[in-house]
Amino acid sequence: MLSPSRFRQIVSALFVLNIALRLIFIIGTEQVPVMWDARLYSSAGLGLIHYAGHPDRFGHPEDHAAADSAFYRSQFEHTMAEFIEGEQIRWLYYDKPTVAEAQEYIFLSGPVYPMYLAGVFLFDVGGDFTLVRLLNILLDSLCLLLVMLIAKELFDRRAAILVGVIYLFYLPFVLYTGLVSPDLPTSLFMLLAYYLVLMWYKREKRSFIYLSGLMLGLLVLTKPTAVLLWLPFAAAFLYDNRKTPQQAMAVMAKALIPFLLVVLPWLILTSLYFGKFSIRDPQYSEANIRSSSSIKYEGYDLDYVDQDFWLKSVPYIIKEDPLGYAGLLVKKFIRLWSQPYNDFDRSFILTKSSGRLLHLVLIITGLFGVLLFAVNDKRGLVLLLFIPVYYTVLHLIFHSLGRYNFNAMPIVIIASAAVIIKTADFIGQAIKSSGPFRAVAPFVLTGVGGAFVLSFPERHFVVLFGGTFGTTFLLVIKILVLTAVMYYIVRSILRRAGRKAAVRIAGFPAVLFLLILISRGSAAPTWVEWKCRLQNPGQSAGVVLYVPGNFRLQPGELVRIVIDMVTGENMAVPFNLTVNGRRDVFQVDQPPVSGFYYKKGTYDIYEEMLEINRGRMRAWRFIPFDPVMFNDLLDRFGFIDINFSVADSLSAAGGFIDLFGNFKISGAGTVLIPDLTHSSIERFVEKGDPRIWTEYKISSDSVISYYIDDVRRKVVRTDDLSQSPGRQSGRYRIFIEVKRFDETRYYF
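Predicted model, so just to flag it, every value in this text is computed and none were measured.

### So, the overall build of the chain
Link 1 in the chain: When its secondary structure is counted, the chain shows 27 helices and 16 strands.
Link 2 in the chain: Its C-alpha atoms give the chain a radius of gyration of 29 Å, near enough to 27 Å, the size a compact globule of 748 residues would have.
Link 3 in the chain: Each of the 748 residues in the chain was classed as buried or not, and the buried ones make up 54%.
Link 4 in the chain: Within the chain, contacts between residues at least 6 apart in sequence are counted, and of these 77% link residues at least 24 apart.

In structure tokens, the structure reads:
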């Protein structure tokens, strides 16, 4: 067993190593630009600096005339040039704010972080954001120290050391030291509050309660998602002291004093500023919750929205489709917890794949770990459950993405480490009593079964058995495997803790995994897509479209060929387009071919940092089509035959074009495909494709898709659409889009 002195030595070593590794990361690798919300925090800090020197008026940009706005914008630019000379804020598609607008940003973020940045800018006049990142290293290392101390108090020194090692290498914690973000201060205040509560349980010193109230007050003012974080702390304190509720309330009243001293002045100031009771800009949350409640667009923050997007209220959306909204909540849960923050596919020490695997292990073991309070009444354990639940509920309502699990992950890691230690002890005891093979084999089988349930792709069964039957068949198999895995876990817990504890610990994860399986297995975008690679001149693919006989276009109406394609990396991509025997040579993303996703400055950042050219970004390509030629082809042939192949020069260079298609899916007259106009950078982060999947009504009488490979002397029509073996009945995502003078659109 580790002695206290040896434990302190290890903690000190991990603390120093954490600083060293983060320092190497900051100095030796490219950092994410100061953009998105970071521009708001930085601008608010600069606005505070300007107000300190010119305290005549604060905020309210709506009170300024156009000439005043130009003057205040120049004042902001002057302040920014004075205090930031190195790395600049990346404004992307936003305009630089006026001083008044920059000052008002403080009501979006809360005052703590802008005031912190203002202090850094004043101290480091003429610098850039390097000092902010170096201070992030210190904040992150203090978080490392706190999670280890919390784990020691809740469990033991072994668990604390394991927590420290995991924290040291967990990639999001490394990446966040390079961001200008209030997340690190938020984690620090939260962990400090947690540790102070544990210290009060241990020693019952009044100062611990006062300080914990202070930390919770600072949390309210640090980040919007932490505004109500005092609720799980209050609920946990009442739960831990449920035998003496009056005493518990008296102690909480002491914590309330510093809490209100911090929060009330800001609450009064914000309410006076907006003319109604407010702690943040009241319009900010409303926009967030509306967009994140869209069932059709899966709650993503869209780069482009319809004009009537904001007209439907959230209660109306839920009432209109309650089952759809319930399904959306499951999708948002998966999105929140299934992957770590790594928006730019970076690696440091660990590879990207090993980082994802570590995250998955932490989430699964942590899921069981947060329920440890069910079999252990030790005070403080219940916060392991309440804090992750708080962030889960919050992001089921608001936007949900992997980066939003960051503040809860230290707590999940503590719970995970406890489970890993207990599992290792259990295996060790089993080895002593029954031998290595009999002890380890059940755990190996459990791991293999879990991996199969969570990661085996649906499309393999779709290729073999078709769409609906294939996905249903695999879903049934996964449910049976999940049942077997959970049965083994319940039996293992039964022997150690009894039936009630087994049900409480394993029952909730079982239901959760079942919902995840159903959501992922029944979502068509997870299995509906296949691709066909064209890399030789003898290979081609296309569609024959039969358009209704009376459908003709007027001169001047818009018509274009739409194709879902991806090309090779960093390569000019020529290709042949043949329409009813007439061949033209085009080049991807060169006029007249256009590639579409809503072009915001954000995409430039992703293309730059991910080192991907436009051809590799998943997008639709549009090729203009002459309406006169459209009518003529229908008059002469009765159909339009669109064929794609690679040009000889591309083949000689070893390049390729990937065409995408849909397996045959249910829905007469409609097809589920990536949206032609709606996209989201959030979905690109999660799925590698920014486009939202929606249904389109198809107006063609019939469609024949085909694949031709003259190199192999093989011609395939209708049934088998690519080189991949098996059943692939469906169509290529090659369409003709028509926009008539009355704005109606048709798709063939």
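### A word on a nonpolar patch on the surface
Link 1 in the chain: A cluster of nonpolar side chains, Leu256, Leu260, Leu264, Ile268 and Leu272, forms an exposed patch at the surface whose accessible area comes to about 460 Å².
Link 2 in the chain: Mapped onto the elements, Leu260 comes out in helix 13 (residues 245–274).
Link 3 in the chain: Residue classification places Leu260 among the partly exposed residues on the basis of a relative accessible area of 33%.

### As for the confidence of the model for the chain
Link 1 in the chain: Here the chain averages 88 in pLDDT, while 95% of its residues score no lower than 70.
Link 2 in the chain: Low pLDDT, under 50, characterises residues 715–720; the predicted model gives this stretch 14 contacts beyond four residues in sequence or across chains.
Link 3 in the chain: Long-range and interchain partners of residues 722–728, a stretch whose pLDDT sits below 50, account for 23 contacts in this model, where long-range means more than four residues apart.

### Let's talk about helix 10 (residues 183–203)
Link 1 in the chain: Spanning 21 residues, helix 10 covers 30 Å between terminal C-alpha atoms, matching the ideal 30 Å at 1.5 Å per step.
Link 2 in the chain: With 18 of its 21 residues buried, helix 10 lies for the most part within the structure.
Link 3 in the chain: Where helix 10 ends, the next residue or the one after it, Glu204, has phi of about 55 degrees, a positive value.

### Focus on the pattern of salt bridges
Link 1 in the chain: Evaluation of the coordinates by the stated rule reveals 31 salt bridges.
Link 2 in the chain: A salt bridge links Lys202 to Glu153; the nearest nitrogen and oxygen atoms lie 3.4 Å apart. On the criterion of sequence distance, the pair formed by Lys202 in helix 10 and Glu153 in helix 7 (residues 130–154) is long-range, its members being 49 residues apart.
Link 3 in the chain: Beyond isolated ion pairs, a larger network of salt bridges with shared partners links Glu529, Asp564, Arg618, Asp689, Arg691 and Arg733.

### Some details on the pairing of strand 2 (residues 539–546)
Link 1 in the chain: By the criterion of burial, strand 2 is predominantly enclosed, with seven of the eight residues buried.
Link 2 in the chain: When strand 2 meets strand 12 (residues 702–709), the two strands line up antiparallel, connected through eight bridges. The partner of Ala541 across the bridge, within strand 12, is Tyr707.
Link 3 in the chain: Two strands pair when backbone bridges link them, and strand 2 and strand 8 (residues 640–646) are joined in this way by six bridges, in the antiparallel orientation. Following the sheet pairing, Ala541 is matched in strand 8 by Phe644.

### Structural notes on helix 23 (residues 499–522)
Link 1 in the chain: When the terminal C-alpha atoms of helix 23 are compared, their 33 Å separation across 24 residues agrees well with the 34 Å that a helix rising 1.5 Å per residue should span.
Link 2 in the chain: Within helix 23, the axis deviates most sharply at Ala506, by approximately 30 degrees, and proline Pro509 lies no more than four positions further along.
Link 3 in the chain: Listed in full, the buried residues belonging to helix 23 are Ala501, Ala502, Ile505, Ala506, Pro509, Leu512, Phe513, Ile516, Leu517, Ser519 and Gly521.

Rules behind the numbers
- Residues numbered from 1 in each chain as written.
- Predicted model: local features only at pLDDT ≥ 70, side-chain atom pairs only at ≥ 80, totals over all residues.
- Heavy atoms only, no water.
- Helix = DSSP H or I, 4+ residues; strand = E, 2+ residues; numbered from the N terminus.
- Rg over C-alpha atoms; globule rule 2.2 N^0.38 Å.
- Buried < 20%, exposed > 50% of the residue type's maximum accessible area, 1.4 Å probe, protein only.
- Contact = heavy atoms within 4.5 Å.
- Patch = residues over 30% accessible without salt bridge, like charges linked within 9 Å, V, L, I, M, F, W, Y side chains within 5 Å.
- Areas by Shrake-Rupley, 256 points an atom, 1.4 Å probe, with all protein chains shown as cover.
- Salt bridge = Lys/Arg side-chain N within 4 Å of Asp/Glu carboxyl O.
- pLDDT = per-residue confidence, 0-100.
- Expected span 1.5 Å × (residues − 1).
- Pairing = 2+ DSSP bridges.
- Bend = angle between axes of the 7 residues up to and from the residue.

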